[in-house]
Structures are given as C-alpha cells and as structure tokens.
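# Residue-level structure breakdown
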Amino acid sequence: MTTFPRRYHITTFGCQMNKADSERMAGILEDMGFERSEDPNEANLILYNTCTIRDNAEQKVYSYLGRQAKRKHEEPDLTLVVAGCVAQQEGEALLRRVPELDLVMGPQHANRLQDLLEVVFDGNQLVATEPIHIVEDITKPRRDSSVTAWVNVIYGCNERCTYCVVPNVRGIEQSRTPEAIRAEMEQLGQQGYKEVTLLGQNIDAYGRDLAGSTESGRHQHTLTDLLYEVHDVPGIERIRFATSHPRYFTERLIRACQELPKVCEHFHIPFQSGDNDILKAMARGYTQEKYRRIIDKIREYMPDASISADAIVGFPGETEQQFENTLKLVADIGFDQLNTAAYSPRPGTPAALWENQVSEEAKSDRLQRLNHLVATKAAERSQRYWGRLEEVLVEDQNPKDPTQVMGRTRGNRLTFFTGDINELKGLVVPVQITEVRAFSLTGQPMFL
Ligand code: SAH
Ligand code: SF4
Ligand code: F3S
C-alpha cells in the first residue's frame, strides 16, 4: 500500500462516454480514501483516461505520460494508470512503450478500478483489456457538475463504420436495464440534479441486446420506450440523449420528443458526409436523401428544434465534387452546431489501408472551408433567438465575468446573463435574449 495522504489526479480526453467513465472512476477512488488533486504533480495516483478517435488525440497522451514517467524515477510510490480507448487499443504494447506504467485498463473495466488497483498495490503491473460483461457500478460517481449529469444507457457499438476505431475499443453493445437507468436518475433527482443526458455511441441501438422481444419481433425496450419510462422521474426537469444514428432514427422517437415535455428539442445526429458514394464507402447505411428526410420530419413536428451533427472531410477517395456535396448539405440544412474533423487513418480500421488517401493539404483546405460555412450558418441560426424568451438552466458562473451566470437553453445554446450564481445555480430562469453570437447568447433575466 502507498503512504498517506493519498491523492489522485484524473485528466480526461475524448467524448462524453470518457467523461462519464472518469466520474465513476473518481467516485471509486474517493470511496477508497483518495483525495482529489487538480495538479498532477501533487498526486500520488495519476490516471489518464484516453481517446484514440484521431491520431492527434492519441499522441496527446504520450506527451503527458512522458513527463509523469520521468517523475516516477524519483517517486517510486507514484501510481500511473492509463485507462480508456488508447489503453484498449495498445494494451501490452503500452507497457513496452512506457514501462513505468502500473495499470493499463480498457473502458469496459472502469467500474472494476478498485479491484485492479488492489492487484497493483500488491506490487503487480497489470493490463486489463479482455472483453467483459460490464458490471453495474455500486459506487457513486463523483460528478463534475451538481446540475447536469450523464447517464450511460448503452455501452459499445456494433456498427462498423470503416473509419472508426470505437467498436474496436469499446466492444459490443451492452444496454443497461431500464430499472438501473431509472434508479440512477431517481437518485440524481433526489440529489438535486436537474438535467440528465442519456449516453450511447449509437443510442438508437438501446435495448436490442436486452432479452424479451415481442412476438411481432419488435423489441420491447427501445430508446423511445425508455424515454416514456423515465420522463417522470421527480426532480429531473430536462432530458437529453446522444448520439443518434440516421440509420436507426425513427419517427416514433421524434413524436416522443414532442410529447414529453422534459425531453429537450435538440438532436445530435452525425451525417459524416453529404455524398452518397462516400457514405457507402463509410458503411453508414443511409443516403443523404434519407438524412434530409429525417431533419424535415423533425422540423415538421418541432419547427424550432435545434440540430447538431458531426462530419468528416477528406475520407479516402473523396473528390472535390463529393466534398461540395457535404458543403451543400450543410448549407441547406443549417446546423446549429457541427463538429468537423479531417479524416485520420486509425489502426485496425478498413479505410486506413485503402490506397486512395486524400492529401493533408486537401484535407486541411476542405476543413477550413467547411468550418467557415458552419460558423456562417450557425450565426444565421442564432438570429432566431433574438428578442425571444428562452428557458435557461443555470449551471455555473461565467468564468470570464463573475457578475454573470451561464446555462443552456432547451436547444442547447450556451447563454449568459447577469446574476448571482449562489442564488441561481440549478434554477430554470426565463431569459430575454438581447445579444446573439454564432454559438452563444446573452440575455436579460425575467424574474416573475
Ligand atoms: N457514434 C457516433 C460518433 C462517434 S465518434 C456516430 O456514429 O456518429 C465522434 C466523431 O468523430 C464521429 O462522428 C466522426 O465524425 C469523428 N471520427 C470518428 N472517426 C474518425 C476518423 N478516423 N477521422 C476523423 N474523424 C473521425
Ligand atoms: Fe463509430 Fe460508426 Fe459506431 Fe459511431 S456508429 S461509434 S462512427 S462505428
Ligand atoms: Fe475517443 Fe473513445 Fe470516445 S476513442 S471519442 S474516448 S469512445
């Protein structure tokens, strides 16, 4: 065992799943008697929860690790842990590259952190990357916010998009039971949380792997069913969910969002490319026409719904013409927000081996052009908020101006207004919007 006081530090890279895993691992460490340290240099256990979605994400962790590995030579009591998606991808190879590491653990093992550390504290070096059934966590996560919370509903992904490393590192789909999800949400409601985001890499796959399909072959527990089952949890005022897959997105889900008052009118539905041949090469399983129909349908039910997405430029074989089809889709739809990325070849994915790779220059040129269009379109979309009364759930102080608080509209726009965080945190405040920017708003609180 290490000497007291035991302090831990966690740095988290990557997506919301990693953030949620980090919060659960922090909860486990605090249960074990560790205290949190924001400064890694004051911690005697350092955990990097890593991401490998693109090469630059992966490289980041090696530079962080290098520094701490050096420190370990002077402080042999330092425990170094690499968790998350790089850990899963590299496994043993990571130990060879950084022999100072004590523990390499894949995302499926997050809830087992205590057991794994006990083996480490007995003097072993450990790699935990074998696929397992994800155990329900019994420890309370240490959440970063006291207003909004992530709740995992399905782990893993069974899709095989040809560019994507996620199925390799996150494993097959594993849904949590509706009972476990509801119980977690009830506890959150009791603790004063106001907003829950239900999480899954492909959240529309929720329930497929749970037993009990009906005779008609339809699954009993779809995401839509889940929303109906959890929307009345006391205390929780807003429900969001991500990420949706156009291939499985249903009208039933849209209807549920319209019917259920707590479900926010915001959809995150990545399209990746606006060109049908590229979509086919990506193995996404839909066409750009189908994507447009989904958005039309959403707007038919909820004309004001906000729409965000992810897109990749420079996928192998993408021609200028095909890239322009992506521009066209973005111009036509007018996203409230779009996460864009240049294609990055990933180990163990089919597209990385193809010979028709696009040059780095073309990729960065396309990325710039797309980003420019995105900002213009988002600014246009923001205009509709001007002068309107929006419900803002207050999350925090504005870090740049302590006289202001910040929160989000139902459509997920970041909004600032003058107020005292001690009085307003966790409240839904009607705010009249007085200033609009591409990705954020400022307003005047309307206290009744
Ligand atoms: N499950 C989600 C997204 C998961 S990864 C979905 O199906 O859409 C998040 C985003 O990273 C993806 O939407 C994609 O736009 C981007 N991405 C994934 N692999 C990538 C790669 N190899 N190169 C560039 N971007 C990638
Ligand atoms: Fe990756 Fe595709 Fe799964 Fe999303 S749906 S995580 S892009 S394989
Ligand atoms: Fe990254 Fe893993 Fe998420 S690769 S994007 S942290 S699932």
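Keep in mind that this is a model prediction, so the values were computed, not measured.

## Some details on the overall build of the chain
- A tally of regular secondary structure across the chain gives 14 helices and 19 strands.
- Taking the principal axes of the C-alpha coordinates as reference, the chain spans close to 60 × 60 × 55 Å.
- Counting only residues that meet the buried cut, the chain has 55% of its 448 residues in that class.
- The long-range share in the chain, meaning contacts at least 24 apart out of those at least 6 apart in sequence, stands at 72%.
- Within the structure as shown, the chain displays about 19700 Å² of accessible surface, and the carbon and sulfur contribution to it stands at 50%.
- The average position of the 52 basic charges and that of the 65 acidic charges among the side chains of the chain differ by 3 Å.

## Quick notes on the sheet that holds strand β14 (residues 337-342)
- Read from one edge of the open sheet, three strands run β12-β13-β14, paired in parallel fashion. The strands lining the two open edges of the sheet, one partner per strand, are β12 (266-268) and β14. Along the sheet, successive strands turn relative to each other by an average axial angle of 10 degrees, direction set aside.
- Inspection of the sheet shows β12 paired to strand β13 (residues 306-313) by three bridges, in the parallel sense.

## Observations regarding the domain arrangement of the chain
- Split into domains, the chain comes out as domain 1 (7-128), domain 2 (148-384) and domain 3 (386-445).
- On a C-alpha basis, the centroid separation for the pair domain 1 and domain 2 is 28 Å.
- On the side of domain 2, 21 residues touch domain 1, which itself brings 19 residues to the contact.
- Put simply, domain 1 and domain 2 have three salt bridges between them.
- For Arg-346, the salt bridge is made with Asp-55, and the minimal N-O distance between the two is 3.9 Å.
- The interface formed by domain 1 and domain 2 includes eight residue pairs in polar contact (both at pLDDT 80 or more).
- Take the side of domain 1 that touches domain 2: its biggest share by element is eight residues, from helix α1 (residues 16-31).
- Residues belonging to the side of domain 1 that touches domain 2 are distributed by class as follows: six nonpolar, six polar and seven charged.

## Structural notes on the sheet that holds strand β2 (residues 35-36)
- Spatial strand order, β2-β1-β3-β4-β5-β6: six strands in an open sheet with parallel pairing. With partners counted over all chains shown, the strands left at the sheet margins are β2 and β6 (126-128), one partner each.
- Sheet topology places strand β1 (residues 7-12) next to strand β3 (residues 45-50); five bridges connect them, and they run parallel. Paired with Ile-10 across the strands is Leu-47, a residue of β3.
- Packing against the sheet, α1 makes contact with β1, β2, β3, β4 (79-83) and β5 (103-105), and its axis sits at approximately 175 degrees to β1.

## A look at the site of ligand 1
- In the neighbourhood of ligand 1, 15 residues make up the surrounding shell, with Tyr-163, Gln-201, Gln-272, Asp-310 and Ser-344 lying closest.
- One nitrogen or oxygen atom from the side chain of Arg-54 is found 3.1 Å from a nitrogen atom belonging to ligand 1.
- If ligand 1 stood free it would expose 540 Å²; the protein chains cover 89% of that surface.
- Elements represented by at least two residues in the shell around ligand 1 include exactly β13 and β14.
- Its residues placed into classes, the shell around ligand 1 shows seven nonpolar, four polar and four charged.

## Some details on the pairing of strand β16 (residues 401-408)
- Looking at chain direction, strand β15 (residues 389-398) and β16 are connected through five bridges and run antiparallel. Bridged to Val-394 within β16 is Gly-407.
- Here β16 pairs with strand β17 (residues 414-418) via five bridges, running antiparallel. The residue of β17 that forms the bridge with Gly-407 is Thr-415.

## Topic: the packing of aromatic side chains
- Tallied over the entire structure, the rule returns 11 aromatic pairs.
- Ring geometry for Phe-241 against Phe-267: centres 6.3 Å apart, planes inclined by 80 degrees, an arrangement best described as edge-to-face. Of this pair, Phe-241 sits in strand β11 (residues 238-242) while Phe-267 sits in strand β12, and the two are 26 residues apart along the sequence. Accessibility assignment for this pair places Phe-241 and Phe-267 in one class, buried.
- Ring geometry for Phe-271 and Tyr-291: centres 5.5 Å apart, planes at 55 degrees, overall tilted. Residue Phe-271 is located in the loop between β12 and α10 (276-282), and its partner Tyr-291 is located in helix α11 (residues 288-301); the two are separated by 20 residues in the primary sequence.

Calculation criteria
- Residues numbered from 1 in each chain as written.
- Chains lettered and ligands numbered in written order.
- Predicted model: local features only at pLDDT ≥ 70, side-chain atom pairs only at ≥ 80, totals over all residues.
- Heavy atoms only, no water.
- Helix = DSSP H or I, 4+ residues; strand = E, 2+ residues; numbered from the N terminus.
- Buried < 20%, exposed > 50% of the residue type's maximum accessible area, 1.4 Å probe, protein only.
- Contact = heavy atoms within 4.5 Å.
- Areas by Shrake-Rupley, 256 points an atom, 1.4 Å probe, with all protein chains shown as cover.
- Lys, Arg positive; Asp, Glu negative; His and termini not counted.
- Charge placed at Lys NZ, Arg CZ, Asp CG, Glu CD.
- Pairing = 2+ DSSP bridges.
- Axes fitted to C-alpha atoms, helices over the stretch in contact; angles between N-to-C directions.
- Domains from an automatic or database assignment.
- Salt bridge = Lys/Arg side-chain N within 4 Å of Asp/Glu carboxyl O.
- Polar contact = N/O pair within 3.5 Å; in protein donor to acceptor, adjacent residues only side chain to side chain.
- Nonpolar A, V, L, I, M, F, W, Y, C, P; charged D, E, K, R; others polar.
- Near = heavy atom within 4 Å.
- Phe/Tyr/Trp six-rings, centres within 6.5 Å; stacked < 30°, edge-to-face > 60°.

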